[in-house]
Amino acid sequence: MVGLCDKELVRDILQDCSSYPSLGQHIAAKGQPSDLPGLEERWKFLEPAMEQAKMIRAVPMIGSLGCPYTCSFCVDAVVPYQPLDFETLTTDLRFFLDRRLPRSFIVWHDPNFGVRFNHYLDAIQQAVPSGSIKFVAESSLSLLGEENVKRLRHSGFVSILPGIESWYDIGEKSRLRKVTGMARVRRVADQLNMVHSYIPYVQGNLIFGLDADEGAEPFELAKRFFDLAPGIYPHLAVLSAFGRNAVSNLEYQRADRVIAVPFHFLDLLQSMNVKPKHYTWTEFYDHVCDVFAYAFSARAMARRFAANENTLIRFEQLFRGLTAEIGNRVRVHRNMRQWLDEPDFRAFFEGETHRIPQRFVDIIRQKMGWLWEWLPEGALDYDPNAFLESGTGHPLTVLTAPHGTPHSPKLNESALSSSER
């Protein structure tokens, strides 16, 4: 298992032909790579996929690694922020401009695009004529002042996905550290309505289940936000702790709150694997089902349809709401709420048993199809407190064999750091 990786570590792995008896090894580089292959180097892999895409051709690019923010739940919170070379960025954009395909646009995969805002926009505007390439990016509210948003529009950005995350916590991403509750709802709604007046597609990301949430209020505040900003597409997720990748995971494990939910369901949608701090499981999922039903009710989707002037975006959001949300997310959360009334399912989520509910096993078997027979015995089980039990206070340096015997990795044994995830 490889954590942070660079070219040197890849070379070490390929050159090491030793046989190891252990179940697995966990190795990592000291940090992120200083550079990545440019678009021209990757084009021979991308172009066949682009040519086969019938409607939209999304070309992935990245301008930075890590994140300057310290959101306790985030996989990038402990990875230092590192911008990549701006000359490479401009070269990639010029290459894309010469070879771009119809209905294509660039999607920035930075955890937070534009942290060094003027440097990024200068590089983009120097590389390509204004509006000649369409861009999509995830950014933070703190970067989306009106002057910056105007510049994003001028540069060809057609979609922005800012993280709201919480009405009570994580205020540094929005410069609203001391503003909470309904006051934050109004401020965020006003700001995103402003962003939407320049950028045609805006998605607001919210997370439910953070420890700052208590009672019905966080969910009611989300509803008020949907009312105040009807044109913003809501992306709603539930908290999940992914192993050793965030500082808060250690605290969850100390409090015995992490549930060994099979990895198949840990996608921020299908199942939450951290016991809510201020809710019972049934209370939490009652609220989740209610807020999803409100966000994607006929009334809310009609208002969203009317608030978006672009015809293509109107119908894309309507289709997305009917299929991805009502047809998938709402159904999944309602199933979870129903299953929590079953004794064996509830006992698993209360930590009373480690036996994986049969409903989960049946779903995984169905999804895997004929591959299920090749799944090793016990492959769905794991120790949800491995981070805590390692005693390191940072990501584990090794994986352990079934009988608990540790095996030290031969490669880069001393290269592990607290920023590895």
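Residues numbered from 1 in each chain as written. Predicted model: local features only at pLDDT ≥ 70, side-chain atom pairs only at ≥ 80, totals over all residues. Heavy atoms only, no water.

Novice: How should the overall build of the protein chain be read in this particular structure?
Specialist: Secondary structure assignment for the protein chain yields 14 helices and eight strands. Here the C-alpha atoms of the protein chain give a radius of gyration of 23 Å, agreeing with the 22 Å that 2.2 N^0.38 yields for 421 residues. Taking the principal axes of its C-alpha atoms as reference, the protein chain extends roughly 60 × 55 × 45 Å. Taken across its 421 residues, the protein chain has 48% of its residues classed as buried. Across the protein chain, every contact between residues at least 6 apart in sequence was considered, and the portion connecting residues at least 24 apart equals 73%. (Helix = DSSP H or I, 4+ residues; strand = E, 2+ residues; numbered from the N terminus. Rg over C-alpha atoms; globule rule 2.2 N^0.38 Å. Buried < 20%, exposed > 50% of the residue type's maximum accessible area, 1.4 Å probe, protein only. Contact = heavy atoms within 4.5 Å.)

Novice: Hey, could you run me through the packing of helix α7 (residues 217–228) against helix α9 (residues 281–295) in this one?
Specialist: Helices that pack against each other are described as a pair by the angle of their axes relative to one another and the distance between those axes. Running from N to C, α7 and α9 cross one another at 5°; their axes reach a closest spacing of 10 Å. Accordingly, the angle class assigned to the pair α7 and α9 is roughly parallel. Where α7 abuts α9, its residues Phe-219, Glu-220, Ala-222, Lys-223, Arg-224, Phe-226 and Asp-227 lie against Phe-284, His-287, Val-288, Asp-290, Val-291, Tyr-294 and Ala-295. Here the contact of α7 with α9 is built from residues that sort into eight nonpolar, one polar and five charged. (Axes fitted to C-alpha atoms, helices over the stretch in contact; angles between N-to-C directions. Parallel < 35°, antiparallel > 145°, perpendicular 65-115°, else oblique. Nonpolar A, V, L, I, M, F, W, Y, C, P; charged D, E, K, R; others polar.)

Novice: When you look at the side chain of Arg-257 in this model, what are you seeing that I'm missing?
Specialist: One can find Arg-257 in the loop between α8 (247–254) and α9. Apart from the residues within four sequence positions on either side, Arg-257 is in contact with Asp-211, Tyr-252, Asn-273, Val-274, Lys-275, Pro-276 and Lys-277.

Novice: How should the packing of helix α6 (residues 181–198) against α7 be read in this particular structure?
Specialist: With their axes 9 Å apart at the nearest point, α6 and α7 run at an angle of 30° to one another. In this view, α6 runs roughly parallel relative to α7, as classed from their interaxial angle. Between α6 and α7 lies a crossing whose hand is right-handed. Here α6 contributes Gly-181, Met-182, Val-185, Arg-186, Val-188, Ala-189, Leu-192 and Asn-193 to the contact with α7, which in turn contributes Leu-221, Arg-224, Phe-225 and Leu-228. A breakdown of the residues in the contact of α6 with α7 according to their chemical character gives eight nonpolar, two polar and two charged. (Left-handed = near helix turned anticlockwise from the far one by under 90°.)

Novice: I would appreciate a short explanation of the sheet that holds strand β8 (residues 233–238) in the present structure.
Specialist: Two orientations exist for strands paired in a sheet by backbone hydrogen bonds: parallel and antiparallel. The sheet built from six strands is open, its strands ordered β1-β4-β5-β6-β7-β8 with parallel pairing. Looking at strand neighbours, the two that pair on one side only are β1 (57–61) and β8, the edges of this open sheet. The average undirected angle you get between the axes of adjacent strands in this sheet is 20°. Pairing geometry for β1 and strand β4 (residues 104–108), over five bridges, is parallel. Pairing of Pro-60 across the sheet is with Val-107, part of β4. Sitting on the sheet, α7 touches β6 (157–165), β7 (201–208) and β8, and the angle it makes with β7 is about 170°. (Pairing = 2+ DSSP bridges.)

Novice: Before we go on, may I ask you to explain a nonpolar patch on the surface in this structure?
Specialist: On the surface, Trp-370, Leu-371 and Trp-374 cluster together into a nonpolar patch covering about 430 Å² of accessible area. Of note, Trp-374 is situated in the loop between α13 (358–368) and α14 (386–389). What makes Trp-374 exposed here is its relative accessible area of 63%. (Patch = residues over 30% accessible without salt bridge, like charges linked within 9 Å, V, L, I, M, F, W, Y side chains within 5 Å. Areas by Shrake-Rupley, 256 points an atom, 1.4 Å probe, with all protein chains shown as cover. Salt bridge = Lys/Arg side-chain N within 4 Å of Asp/Glu carboxyl O.)

Novice: I keep staring at the pairing of β6 and nothing clicks. Help me out?
Specialist: Successive side chains on a regular strand alternate, one facing one side of the sheet and the next facing the other. Across the nine residues of β6, seven count as buried, placing the element largely inside the fold. With five bridges connecting them, strand β5 (residues 135–139) and β6 associate as parallel partners. Paired with Ala-137 across the two strands is Ile-160, which belongs to β6. In this region the chain leaves β5, passes through helix α5 (residues 146–155) and returns to the parallel neighbour β6; the handedness of that crossover is right-handed. When β6 meets β7, the two strands line up parallel, connected through four bridges. Paired with Glu-165 across the strands is Leu-206, a residue of β7. (Right-handed = clockwise from strand over helix to strand, strands pointing away.)

Novice: I would appreciate a short explanation of the pattern of salt bridges in the present structure.
Specialist: A side chain of one charge can pair with a side chain of the opposite charge if their charged atoms are brought near each other. Taken as a whole and assessed by the stated rule, the structure comprises 15 salt bridges. Between Lys-223 and Asp-290 there is a salt bridge, and its shortest N-O distance comes to 2.4 Å. Of the two residues, Lys-223 is situated in helix α7 and Asp-290 in helix α9; the sequence distance between them amounts to 67 residues. Assessed through its relative accessible area of 8%, Lys-223 is described here as buried. Measuring nitrogen to oxygen at the nearest pair gives 2.9 Å for the salt bridge that ties Arg-346 to Glu-350. Taking the relative accessible area as the measure of exposure, Arg-346 reaches 24% and is therefore partly exposed. Its relative accessible area of 28% is what places Glu-350 among the partly exposed residues. One salt-bridge network, in which partners are shared between bridges, spans Glu-220, Lys-223, Arg-224, Asp-227, Asp-290 and Arg-299.

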